Amino acid sequence: MATDFPKKFGSWVNNIEETFIALILGLMTMLTFANVVARYVFNSNILWALETTVFLFAWLVLIGASYCVKTRAHLGVDLLLKALPSPINRMVAILAVLACVAFSVLLLFGSWEYWAPFAGKRAFYQVDDIVMPEFLQFLSTWLNEGERYDKLPRFIPYFGLPLGVALLTIRFLQAAWRVVSGQQLLVIASHEAEEMLEDVATRQSEVR
């Protein structure tokens, strides 16, 4: 049972990232298309569409960053690292991934400190255009002293910041474990560097 927990937890995090990314992309596409049709066909405008798309894009970037760590899709330069001898190479790789973990943990604390006041003493702050859905008005009783929200409170869209950074921290911790345990050498995949080296080797062979 205990050995299954990391796999189940990892699968749960995977589902969150992939589901959110798919939903956000779909919503952004539909909103943008609907607003274009409303503007150029009906000479109207969906007032809240632009602000909603901006917030969705922010969520997409933040959650996508952690997903890219998982899939090793982030770009990086590993020329110096691969040029080092094996023991030093491994030591530098471990230091690099630990630096990533430290950075994400500090970013997590900072993002939480930024977001938390909007769910506390600044809970009355609202966005500019997005109307508050009726089914979420119970939050006004919990956080806004019973005063109804006209617009969406900012702590809802701003929650993407601590959520995305928390997922990023989890992914860096997983990557750190794989590097320390020897399952992988780099946090990045370095596909582009490998392709460039293959191109150079091919050209040299053609010259010869």
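Description of the structure in this document.

## So, helix α2 (residues 49–71)
Taking 1.5 Å per residue, 23 residues should reach 33 Å; α2 reaches 31 Å between its end C-alpha atoms and fits that length. Those residues of α2 not exposed but buried are Ala49, Glu51, Thr52, Thr53, Phe55, Leu56, Trp59, Leu60, Ile63, Gly64, Ser66 and Val69. Looking one or two residues past α2, Arg72 carries a phi angle of roughly 55°, positive in sign.

## As for unusual backbone geometry
The backbone of Asn43 shows a phi angle near 55°, a positive value even though the residue is not glycine. One can find Asn43 in the loop between α1 (4–40) and α2. Not every positive phi belongs to a glycine, and Glu145 is a case in point at roughly 55°. Mapped onto the secondary structure, Glu145 falls in the loop between α5 (138–143) and β2 (151–153). You can call Glu145 exposed: its relative accessible area is 82%.

## Observations regarding the packing of aromatic side chains
This model, assessed by the stated rule, comprises 11 aromatic pairs. When the centroid spacing of 4.9 Å and the interplanar angle of 75° are considered together, the rings of Phe138 and Trp142 count as edge-to-face. Of this pair, Phe138 and Trp142 both sit in helix α5, 4 residues apart, roughly one helical turn. With a relative accessible area of 65%, Trp142 lands in the exposed category. Taken together, the aromatic side chains of Phe55, Tyr114, Phe118, Phe124, Tyr125 and Tyr158 make up a single cluster linked through ring pairs. The ring of Phe118 has Arg122 lying over it, and the distance from NZ or CZ to the ring centre is 5.7 Å.

## A look at the side chain of Thr53
For Thr53, the position within the fold is in helix α2. The buried category is assigned to Thr53, whose relative accessible area is 16%. From its side chain, Thr53 meets the backbone oxygen of Ala49 in a polar contact 2.8 Å long. Not counting chain neighbours up to four residues away, the residues in contact with Thr53 comprise Met28, Leu31 and Thr32.

## Topic: the environment of Asp150
Here Asp150 lies in the loop between α5 and β2. A relative accessible area of 59% means that Asp150 is categorised as exposed. For the pair Asp150 and Asp128, spaced 22 residues apart in the sequence, the C-alpha separation amounts to 9.8 Å. In this structure, Asp150 is in contact with Gln126, Val131 and Met132, ignoring residues within four places of it in sequence.

Rules used in this analysis
- Residues numbered from 1 in each chain as written.
- Predicted model: local features only at pLDDT ≥ 70, side-chain atom pairs only at ≥ 80, totals over all residues.
- Heavy atoms only, no water.
- Helix = DSSP H or I, 4+ residues; strand = E, 2+ residues; numbered from the N terminus.
- Expected span 1.5 Å × (residues − 1).
- Buried < 20%, exposed > 50% of the residue type's maximum accessible area, 1.4 Å probe, protein only.
- Phe/Tyr/Trp six-rings, centres within 6.5 Å; stacked < 30°, edge-to-face > 60°.
- Lys NZ or Arg CZ within 6 Å of the ring centre and 35° of its normal.
- Polar contact = N/O pair within 3.5 Å; in protein donor to acceptor, adjacent residues only side chain to side chain.
- Contact = heavy atoms within 4.5 Å.

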